[in-house]
Amino acid sequence: MASEELVTLLDETEVVAIVTRKQNGDPLATPIWSMVVDGVPYIRSAYGEAGWWCRHVRAGRPAAFAMGDGAIAEVDRAAALELPRVDVTLTPIAADDAVQQAISAEMERKYAGAPRSSIDVMLTDGALEATFRVS
């Protein structure tokens, strides 16, 4: 189970910054969306398996979340890396898992003010195949 502080961050913050490692070991902060369903946090790659953070995770590299407003990573990735971090384990969720529907519904609720095209890309088969439980 993810810590209460991390669950709150992933639930209440619109954009969070996931920190993964490049092949050479350098950290990389990527702004992403997160959803919490029944107290369990989830993330989903809008770019499916092609998203860099997703590729890093699939390659077995460590992942963490910057503990602060991840929107900073949209304009200054280096500044996002200066925030305190919490290491996490990301467990893939099968595209046909029943929780996917609840994750999608929560994503639509949380990001209702986002452009429809941004929401639609998060509902594609590729994105569903790149959904992870955070712990």
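Our subject is the structure listed above.
Residue positions are counted from 1 within each chain, in the order its sequence is given. Selection of residues for local features in this predicted model requires a pLDDT of at least 70, selection of side-chain atom pairs for listing and counting requires 80 or more, and totals for whole chains, interfaces and linings are taken over all residues. Derived side-chain values reflect all non-hydrogen atoms in the structure, with water molecules and hydrogen atoms excluded from consideration.

1. Some points on the environment of Y111
In step 1: On the secondary structure map, Y111 appears in the loop between α5 (99–110) and α6 (116–121).
In step 2: Between the C-alpha atom of Y111 and that of S34, which follows or precedes it by 77 residues, the distance is 9.8 Å.
In step 3: Residue contacts follow a heavy-atom distance rule, with two residues in contact if any of their heavy atoms lie within 4.5 Å. In this structure Y111 touches T13, E14, W33, S34, M35 and I119, once residues within four positions along its chain are discounted. Helix and strand definitions follow DSSP, with helices as H or I runs of at least four residues and strands as E runs of at least two, each counted in order from the N terminus.

2. Quick notes on the sheet that holds strand β7 (residues 90–93)
In step 1: We treat two strands as partners when DSSP finds at least two bridges between them. Spatially, β3-β4-β8-β7 is the arrangement adopted by the four strands of the open sheet, whose pairing is antiparallel. On the outer flanks of this sheet lie β3 (34–37) and β7, each paired with one strand and no other. If you compare each strand with its neighbour and ignore which way they point, the axes differ by 35 degrees on average.
In step 2: Bridge count between strand β4 (residues 40–44) and strand β8 (residues 131–134): three bridges; the pairing is antiparallel. Looking across to β8, one finds that I43 is bridged to F132.
In step 3: With respect to the sheet, helix α1 (residues 4–12) is in contact with β3, β4 and β8, its orientation differing from that of β3 by roughly 115 degrees.
In step 4: Between N-to-C directions, angles span 0 to 180 degrees; the directions come from axes that are lines fitted to C-alpha atoms, helices contributing only their stretch in contact. Helix-sheet contacts for α5 involve β3, β4, β7 and β8, and the interaxial angle to β3 is about 120 degrees.

3. Some words on unusual backbone geometry
In step 1: For D38, which is not glycine, the phi torsion reads 50 degrees and is therefore positive.
In step 2: Inspection of the secondary structure puts D38 in the loop between β3 and β4.

4. Focus on α5
In step 1: Given a helix with a known number of residues, its expected span is that number minus one, times 1.5 Å. The end-to-end C-alpha distance of α5 is 16 Å, a good match for the 16 Å that twelve residues give at a rise of 1.5 Å each.
In step 2: Turning to α5, its buried residues are V99, Q100, I103, S104, E106, M107 and K110. Buried residues of α5, seen end-on, are gathered within an arc of 165 degrees and therefore sit on one face of the element. Pointing more than 90 degrees away from the buried face of α5 are the exposed residues Q101 and R109. For every residue, the accessible area obtained with a 1.4 Å probe (protein chains only) is divided by the maximum for its type, and the residue is called buried under 20%, exposed over 50%, and partly exposed between those limits. The directions from the helix axis to the C-beta atoms are what the arc is built from.

5. Details of the sheet that holds strand β2 (residues 27–32)
In step 1: If you walk across this open sheet you meet the four strands as β2-β1-β5-β6, and the pairing is antiparallel. Single-partner strands in this sheet number two, and they are β2 and β6 (85–88). Taking the axes of each pair of neighbouring strands and ignoring which way they run, one obtains an average angle of 30 degrees across the sheet.
In step 2: Here two bridges tie strand β1 (residues 16–21) to strand β5 (residues 63–66), and the two strands are oriented antiparallel to one another. Within the sheet, the bridge partner assigned to I18 lies in β5 and is F65.

6. A closer look at the nonpolar core
In step 1: Nonpolar core, defined: a set of buried Ala, Val, Leu, Ile, Met, Phe, Trp, Tyr and Cys residues in which side-chain atoms within 4.5 Å join the residues together. One finds L6, I18, I43, W53, F65, L90 and V134 to be the most contacted residues of the largest nonpolar core, which totals 20 residues.
In step 2: Ranked by size, the runner-up nonpolar core spans 13 residues in total, among them M35, V37, V99 and I119.

7. Points about the pattern of salt bridges
In step 1: Any carboxyl oxygen of Asp or Glu that lies within 4 Å of a side-chain nitrogen of Lys or Arg is treated as forming a salt bridge with it. Tallied over the full model, the rule gives four salt bridges.
In step 2: Between R116 and E108 there is a salt bridge, with its nearest N and O atoms 2.9 Å apart.
In step 3: A relative accessible area of 30% means that E108 is categorised as partly exposed.
In step 4: A salt bridge links D120 to R116; the nearest nitrogen and oxygen atoms lie 2.8 Å apart. Taken together, the positions of D120 and R116, both in helix α6 and four residues apart, correspond to about one turn of that helix.
In step 5: It is possible to trace a salt-bridge network through shared partners that takes in E108, R116 and D120.

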